[in-house]
Amino acid sequence: MTVNSIGVVGAGQMGNGIAHVMALAGYDVVLNDINEDALKRAVDLIERNMDRQVSRDKITQDARDQAMARIVTTNDLPQVAKTDLIIEAATEEETIKQKIFDSLLPHLADHTILTSNTSSISITRLASRTDRPEKFMGFHFMNPVPVMQLVELIRGIATDKETYDTCLGVVEKLGKTAASAEDFPAFIVNRILMPMINEAVYTLYEGVGNVNSIDQSMKLGANHPMGPLELADFIGLDTCLAIMNVLHDGLADTKYRPCPLLTKYVEAGWLGRKTQRGFYDYRGETPVPTR
Ligand code: CAA
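**Q** So what's going on with the site of the ligand? Residues and values would help.
**A** The environment of the ligand is made up of 18 residues, and the closest members are Arg 56, Lys 58, His 140, Asn 143 and Asn 190. Asn 190 has a polar side-chain atom sitting 2.9 Å from an oxygen atom of the ligand. Notes on the ligand: free accessible area 1100 Å², of which the protein chains cover 68%. Split by residue class, the shell around the ligand holds 10 nonpolar, 5 polar and 3 charged.

Written out as structure tokens, the structure is:
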């Protein structure tokens, strides 16, 4: 199947990155969010990120202008429904995702492929509530989308080969690399990454190290580009907690129990960079550890 148009539902941190790379790869993009301000912020951010790519000679001014012209925004969900491939990139909450798919269903074109950028929720379960489980799969980007090379492709139990091959073709057109993952809690990347981040929070909770020493240890001692606590703030502590809960519930193993300190930060509304406070306080010129 040929894909020309992409619908992106949710214009947050992941949605804007997805719209960015899809438009640069030549797809017509319909970017949707219920919040007008979020749509405006997303377009501004895409523009700024593309401008930076132009200034660093990663893309030409012409490619940037053409890509920006391919992005249409709307807060009317049915407008997304006629695209060839829809990527849902809303909040990591199953009920919200289900509501989005429920609202899209009556308006979908027959050939439309539905995907979710979920980082951990069961693809098979999300698919089972739709009219097209064979045309449904996981399409999981990493943050920041324009920079990270990997896309996880997750087949639900009913996903057919044509759907998988079509999504693989899109990943290749983006110039990215696909990793095929089976539909088990948190797939591959987060199954490995999140317990590491959760363990870093336990290390902090138990006083083995402070925010600085933990992050520095992993940057200088394990060559990670970001320390685990800095990375947790970057991903969003609410997302990290949601993924740990999916691992804990889905695999029924206490080794995945979320650290109480992670829960405490989320309860405080200290969700990381997006709320300007998490393991670091971002309100000043330079980030300051909060513990
Ligand atoms: N759009 C476009 N380009 C961007 C960008 C964006 N949003 N963010 C950064 N860049 C570019 C910069 O322009 C820069 O380009 P050049 O190499 O051409 O100069 C390059 O990326 C590096 O950026 P910076 O110099 O600003 O900063 P850095 O060297 O510290 O790198 C980073 C930043 C790429 C984010 C790096 O710190 C990193 O790789 N961190 C780890 C990120 C990671 O692990 N992501 C996965 C999270 S897990 C996930 O996403 C899955 C999930 O479900 C939770």
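**Q** Summarise the domain arrangement of the protein; cite the residues concerned and give the values.
**A** If you check the domain split of the protein, you get domain 1 (5-181) and domain 2 (190-289). Of the residues lining the interface, 7 residues belong to domain 1; the matching set on domain 2 comes to 7 residues. Both faces combined, the contact of domain 1 with domain 2 buries some 580 Å², and carbon together with sulfur accounts for 54% of it. Summed over the three residues of domain 1 that lose the most area to domain 2, namely Gln 13, Ser 119 and Ser 120, the buried surface amounts to 53% of that side. Here domain 1 and domain 2 share 0 salt bridges between them. Run the count over domain 1 and domain 2 and you get 3 residue pairs in polar contact (both at pLDDT 80 or more).

**Q** Pulling in residues and values, what's your account of the pattern of salt bridges?
**A** Across all of its chains, the model carries 14 salt bridges by this definition. Close ionic contact of Glu 94 with Arg 125 constitutes a salt bridge, the shortest N to O distance being 2.7 Å. A residue pair is termed long-range when its members are at least 10 positions apart, and Glu 94 in helix 4 (residues 94-104) and Arg 125 in helix 5 (residues 123-128) qualify at 31 residues. According to the relative accessible area criterion, Arg 125 is partly exposed, its value standing at 44%. Salt bridges sharing common partners tie together Glu 47, Asp 51, Arg 64 and Asp 65.

**Q** Describe the nonpolar core, naming the residues involved and giving the relevant values.
**A** Generally speaking, a soluble globular protein has its nonpolar side chains buried in company with each other. The biggest cluster of nonpolar side chains holds 37 residues, and the ones touching the most others in it are Met 22, Leu 31, Leu 85, Phe 139 and Phe 141. Beyond its immediate chain neighbours, meaning those up to four positions away, Met 22 contacts Ile 6, Tyr 27, Val 29, Ile 87, Phe 139, Phe 141, Val 170 and Leu 174. Counting residues in hydrophobic clusters, the runner-up holds 29 residues, among them Ile 214, Phe 234, Ile 235 and Tyr 256.

Rules used in this analysis
- Residues numbered from 1 in each chain as written.
- Predicted model: local features only at pLDDT ≥ 70, side-chain atom pairs only at ≥ 80, totals over all residues.
- Heavy atoms only, no water.
- Near = heavy atom within 4 Å.
- Polar contact = N/O pair within 3.5 Å; in protein donor to acceptor, adjacent residues only side chain to side chain.
- Areas by Shrake-Rupley, 256 points an atom, 1.4 Å probe, with all protein chains shown as cover.
- Nonpolar A, V, L, I, M, F, W, Y, C, P; charged D, E, K, R; others polar.
- Domains from an automatic or database assignment.
- Contact = heavy atoms within 4.5 Å.
- Buried area = accessible area lost by both parts, 1.4 Å probe.
- Salt bridge = Lys/Arg side-chain N within 4 Å of Asp/Glu carboxyl O.
- Helix = DSSP H or I, 4+ residues; strand = E, 2+ residues; numbered from the N terminus.
- Buried < 20%, exposed > 50% of the residue type's maximum accessible area, 1.4 Å probe, protein only.
- Core = buried A, V, L, I, M, F, W, Y, C linked by side-chain atoms within 4.5 Å.

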